[in-house]
Amino acid sequence: GVQAEGAADDEASALLELLEVPALDRDARMLGIIGELLQRCAPEFFFSLSETSLEDVCLRGLGCSFSPGAHICAATDRAEYFHVVLGGLVHLTEPRVHHAEQRNDNNMESPRTSILGAGGSFHHLPFARSGFHSSTATGSTRSRFALCSHAWITCRMWLWEQTPT
């Protein structure tokens, strides 16, 4: 209930403070704490990463927060980061990208809207390659994020694609 939400808020705030420390100043102990907090704040995303990828995010990741109603990004903004929601809610409007998704009566692509909470992420590939956001995001509540550069996520995805299964 309310206590759990307060604890999650405290963890997300503590994580943002740690992510503000320049990468070169993050020692092994701090990187361990960042990793634990990332996995607690957004388990669906961070538990899916390999140990190496999680270490990279702990070292290179950034943090930011937005007030309720704040514009986070628009489809025409240059995409510099991959966003992972650590706390709060984000209203996301994005184009439908799969050919099998239904179209509206005018045979035009209708946008998909969703609310993302902790662990939600946006600006995946293939949009990272285009250099622009594919969606528009607005904070529904105070929102906190871990940010990974598109260059990092593109490199990680390429390495993942090259790994035999």
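Residues numbered from 1 in each chain as written. Predicted model: local features only at pLDDT ≥ 70, side-chain atom pairs only at ≥ 80, totals over all residues. Heavy atoms only, no water.

Peer 1: Break down the overall build of the protein for me, citing the residues and quoting the values.
Peer 2: Helix and strand counts for the protein stand at six helices and eight strands. Put simply, the protein runs from its N terminus to its C terminus through helices and strands in the order α-α-α-α-β-β-β-β-β-β-α-β-β-α. Relative to its 165 residues, the protein shows a buried fraction of 35%. When the accessible surface of the protein is totalled, it reaches about 9600 Å², and 55% of it is carbon and sulfur. (Helix = DSSP H or I, 4+ residues; strand = E, 2+ residues; numbered from the N terminus. Buried < 20%, exposed > 50% of the residue type's maximum accessible area, 1.4 Å probe, protein only. Areas by Shrake-Rupley, 256 points an atom, 1.4 Å probe, with all protein chains shown as cover.)

Peer 1: Quick one: what's the story with the pattern of salt bridges, residue by residue and with numbers?
Peer 2: The tally for this structure, following the rule as stated, stands at two salt bridges. Between D56 and R60 there is a salt bridge; the shortest N-O distance is 3.2 Å. Separated by four residues within a single helix, D56 and R60 lie in helix α4 (residues 51-60), roughly one turn from each other. Owing to a relative accessible area of 15%, D56 belongs among the buried residues under this scheme. (Salt bridge = Lys/Arg side-chain N within 4 Å of Asp/Glu carboxyl O.)

Peer 1: Outline the sheet that holds strand β2 (residues 71-73), listing residues and values.
Peer 2: Spatial strand order, β2-β7-β4-β5: four strands in an open sheet with antiparallel pairing. Strands at the two margins of the open sheet, each flanked by one partner only, are β2 and β5 (112-116). Going across the sheet, the axis of each strand differs from the next one's by a mean of 20 degrees, ignoring polarity. By the bridge criterion, four bridges tie strand β4 (residues 90-94) to strand β7 (residues 136-139) in an arrangement that is antiparallel. In the sheet register, H91 faces β7, and the bridge partner there is T138. (Pairing = 2+ DSSP bridges. Axes fitted to C-alpha atoms, helices over the stretch in contact; angles between N-to-C directions.)

Peer 1: Could you give me a rundown of the packing of aromatic side chains, with the residues and numbers involved?
Peer 2: Considering all chains together, one arrives at three aromatic pairs under this definition. Here the aromatic rings of F45 and F82 are separated by 5.5 Å at their centres, their planes lie at 35 degrees, and the arrangement is tilted. With F45 in helix α3 (residues 43-46) and F82 in strand β3 (residues 81-87), this pair connects stretches of sequence that are 37 residues apart. The two residues F45 and F82 agree in class, both being buried. Ring geometry for F66 against F145: centres 5.7 Å apart, planes inclined by 75 degrees, an arrangement best described as edge-to-face. Linking F66 in strand β1 (residues 62-66) with F145 in strand β8 (residues 143-149), this pair joins segments that are 79 residues apart in sequence. Every member of this aromatic cluster is reached through a ring pair, and the members are F45, F46 and F82. (Phe/Tyr/Trp six-rings, centres within 6.5 Å; stacked < 30°, edge-to-face > 60°.)

Peer 1: Break down the nonpolar core for me, with residues and values.
Peer 2: Within the largest apolar cluster, 21 residues are counted, with the highest numbers of intra-cluster contacts made by L15, I34, L38, F46, V84, L86 and A146. Put simply, the parts of the chain that give this core at least two residues each are α1 (2-19), α2 (28-41), α3, α4, β3 and β8. In this structure, C64, V85, V90 and L116 belong to the second largest nonpolar core, which totals 11 residues. (Core = buried A, V, L, I, M, F, W, Y, C linked by side-chain atoms within 4.5 Å.)

Peer 1: How would you sum up α2? Please name residues and give values.
Peer 2: With 14 residues, α2 should reach 20 Å at 1.5 Å per residue; the first-to-last C-alpha distance of 20 Å fits that figure. When we look at burial in α2, the residues that qualify are M30, I34, G35, L37, L38 and C41. (Expected span 1.5 Å × (residues − 1).)

Peer 1: Describe in detail the environment of S143, supporting the description with residues and values.
Peer 2: Tracing the sequence through the fold places S143 in strand β8. On the basis of relative accessible area, S143 is assigned to the buried category, the value being 0%. The spatial distance from the C-alpha of S143 to the C-alpha of G117 is 8.8 Å, given a sequence separation of 26 residues. Not counting residues within four places of it along the chain, the set of residues in contact with S143 comprises C64, S65, F66, G87, G88, L89 and V90. A polar side-chain atom of S143 sits 2.9 Å from the main-chain carbonyl oxygen of T141. (Contact = heavy atoms within 4.5 Å. Polar contact = N/O pair within 3.5 Å; in protein donor to acceptor, adjacent residues only side chain to side chain.)

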